[in-house]
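Structural features, examined
One letter stands for each residue in the lines below.
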Amino acid sequence: MIVHAAASAYARPAPPAAGETARRLPLYLYGRIATQVGVDGPALLVRRTDKAPSRYPFSRLARVISGAGVEWSARALAACLEHDLPIVFLDRAGQPVGYLHAVQTKPSRLDDLLTQLLDRPDGLDRYALWLRHERMHVLRTWRAEQAAACADVSEDEYRELVRRHVYLEETAPLEVAGEHLYLGAISAYTIDQIQRAGIRPLYWGLHGQPLRLADDLAGLLVLDLALRLRGLGSAAHGDDAALLTILHAYGQGLTERCRCALGRLYRHLSKILDEWR
């Protein structure tokens, strides 16, 4: 779940009740103020020129979103890998440009199915079929929810959305002030969920062709969010914390959306691989 972040980039939750496990939260380090990241025992040590150093225990972190102005020490990067803490790096425009994640030490059955798929000459085509079905699923679900809320989508508008995002595979624009925040946060969330699912962000097919699972899954979530925020436009404005509050309302369902999409991928691959045997 994407959590509302304070201006310092981290939301400190209330202490867990007896018997509860403390929630892990995302750490947002946009680096607009000169920022350095090091290690202090079992925690990241973040230094900014405008405030005292802050410690963020690895046991309380789910993922890190790091802006272009953040300087990382080699020890801090290595410690994140040791603690299975993924990092998504943003460029100066706030766009995701890469990620750091630990080697998958506990691959799942889905990881095995993806590997088997890419051993086949038509593996990437079969995966692309699943991805088109998922984009269509996002659009159908959104349209049904709009109809249930008495906000029907015209047939012409719906067909145009299908044409652009299913057949032409256009990237959905987030036409709100917080686009750069949302893209980085969703990318980091996707890497976190992929790691937890025992799969990898990137696979390689025959002839060196990539299957960019993390990018594709993030794209599905961005499409879903873009549809839900349609028409909001300039109404979504404010500082980072205020904009992330909007994302927090959407983020309540991120885990379920990822789980269901990966579940449908598992069924899709199981079916077609059984047909090949």
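Preceding block: the structure.
The residue numbers shown here count from 1 along each chain, following its written sequence. Residues qualify for local features only when their pLDDT is at least 70, as the model is predicted, and side-chain atom pairs are given and counted only at 80 or more; totals for whole chains, interfaces and linings, by contrast, use all residues. Just so you know, side-chain values use all the structure's heavy atoms and leave hydrogens and water out.

1. So, the sheet that holds strand E4 (residues 51-57)
For clarity, the threshold we go by: Pairing between strands is defined by DSSP: at least two bridges between the two strands are required. Runs of H or I in DSSP of at least four residues are treated as helices and runs of E of at least two as strands, each being numbered from the N terminus. For helices, the axis comes from a line fit to the C-alpha atoms of the stretch in contact; other axes are also lines fit to C-alpha atoms, and the angle between any two N-to-C directions lies between 0 and 180 degrees. Only heavy atoms matter for contacts: two residues are in contact if any of them lie within 4.5 Å across the pair.
With mixed pairing, 4 strands are arranged side by side in an open sheet as E4-E3-E2-E6. Looking at strand neighbours, the two that pair on one side only are E4 and strand E6 (70-72), the edges of this open sheet. Each adjacent strand pair in this sheet contributes to an overall mean axis angle of 25°, direction not counted. Taken together, the 3 bridges between strand E2 (residues 35-39) and E6 define a ladder with parallel strand orientation. Bridge pairing in E6 places Gln36 opposite Glu71. Against the sheet, helix H1 (residues 74-82) makes contact with E2, strand E3 (43-48) and E6, and its axis sits at roughly 60° relative to E2, the strand it touches most.

2. What to know about the environment of Tyr167
Definition in use: Under the scheme applied here, a residue whose accessible area is under 20% of the maximum for its type counts as buried, over 50% as exposed, and between as partly exposed, the area being computed with a 1.4 Å probe on protein chains only.
Position of Tyr167 among the secondary structure elements: in helix H4 (residues 155-167). Tyr167 gets classed as exposed once you look at its relative accessible area, which sits at 60%. Between the C-alpha atoms of Tyr167 and Met136, which are 31 residues apart in sequence, the distance is 9.6 Å.

3. What about the environment of Leu85?
Turning to its location among the elements, Leu85 is positioned in the loop between H1 and strand E7 (87-90). Look at Leu85 and you get buried, because its relative accessible area is 3%. Separated by 24 residues in sequence, Leu85 and Leu61 have C-alpha atoms that sit 7.3 Å apart. With near-sequence residues (within four places) excluded, Leu85 lies in contact with Leu44, Phe58, Leu61, Ala62, Arg63, Val64, Cys80, Leu100 and Gln195.

4. Description of the packing of helix H3 (residues 123-148) against helix H6 (residues 213-228)
Cut-off, in case you're wondering: Oblique is the label for any angle not under 35 degrees, not over 145, and not in the 65 to 115 range, which are roughly parallel, roughly antiparallel and roughly perpendicular in turn. Take the far helix as your reference; a near helix turned counterclockwise from it by less than a right angle gives a left-handed crossing, and one turned clockwise gives a right-handed crossing. Residue classes follow a fixed rule: Ala, Val, Leu, Ile, Met, Phe, Trp, Tyr, Cys and Pro count as nonpolar, while Asp, Glu, Lys and Arg count as charged, and any other residue, Gly among them, counts as polar.
H6 packs onto H3 with a crossing angle of 15° between their chain directions and a minimal axis gap of 10 Å. Classified by the interaxial angle, the pair formed by H3 and H6 is roughly parallel. Helix-helix and strand crossings are classified by hand; for H3 and H6 the assignment is right-handed. Seen from H3, the contacting residues are Tyr127, Trp130, Leu131, Glu134, Arg135, Val138, Leu139, Trp142 and Glu145; seen from H6, they are Leu213, Asp216, Leu220, Leu223, Asp224, Leu227 and Arg228. Broken down by class, the residue content of the contact of H3 with H6 amounts to 10 nonpolar, no polar and 6 charged.

5. Some remarks on the nonpolar core
The condition that has to hold: Think of a nonpolar core as a cluster: buried Ala, Val, Leu, Ile, Met, Phe, Trp, Tyr and Cys residues, connected wherever their side-chain atoms sit within 4.5 Å.
Grouped together as the largest cluster of nonpolar side chains are 57 residues, with contacts concentrated most on Leu114, Tyr127, Ile199, Leu213, Leu265 and Leu269. Elements represented by at least two residues in this core include exactly E7, helix H2 (109-117), H3, H4, helix H5 (179-196), H6 and helix H8 (254-276). The element best represented in this core is H6, accounting for 11 residues. Non-local contacts of Tyr127, meaning those with residues more than four positions away in its chain, are made with Leu117, Leu211, Arg212, Leu213, Asp216 and Leu265.

6. Re the packing of H3 against H4
The contact between H3 and H4 brings their axes to 10 Å, and the two run at 155°. Viewed along their axes, H3 and H4 adopt a mutual orientation that is roughly antiparallel. The chirality of how H3 crosses H4 is right-handed. When H3 is examined against H4, the residues Arg132, Arg135, Met136, Leu139, Arg140, Trp142 and Arg143 are found in contact with a partner set consisting of Glu155, Tyr158, Leu161, Val162, His165 and Val166. Residues belonging to the contact of H3 with H4 are distributed by class as follows: 7 nonpolar, 1 polar and 5 charged.

7. Examining the sheet that holds strand E8 (residues 96-100)
Strand order across the open sheet formed by 4 strands is E1-E5-E7-E8, with mixed pairing between neighbours. At either end of the open sheet lies a strand with only one pairing partner, and these are strand E1 (25-29) and E8. The average angle at which neighbouring strand axes cross in this sheet is 20°, direction not considered. Pairing of E1 with strand E5 (residues 61-66) involves 5 bridges; the strand directions are parallel. Bridge pairing in E5 links Leu27 to Val64. Lying on the sheet, H5 is in contact with E1, E5, E7 and E8; it crosses E5 at an angle near 140°.

8. Here we look at H6
Keep this limit in mind: Expected helix span is taken as 1.5 Å per residue step, with the number of steps being one fewer than the number of residues.
Under the 1.5 Å per step criterion, the end-to-end length of H6 is 23 Å for 16 residues, consistent within 8% with the ideal 22 Å. Burial analysis of H6 places 13 of its 16 residues in the buried class, the great majority of the element.

9. Some words on the pattern of salt bridges
Applied cut-off: A side-chain nitrogen of Lys or Arg and a carboxyl oxygen of Asp or Glu constitute a salt bridge if their distance falls within 4 Å.
Overall, the coordinates contain 16 salt bridges when judged by the stated rule. When salt bridges that share partners are traced, they join Glu145, Asp224, Arg228 and Arg257 into one network.

10. A closer look at H3
If you check H3, its first and last C-alpha atoms are 38 Å apart, about what 26 residues at 1.5 Å a residue would give, namely 38 Å. For H3, every residue scored as buried is listed here: Gly123, Tyr127, Trp130, Leu131, Glu134, Arg135, Met136, Val138, Leu139 and Trp142.

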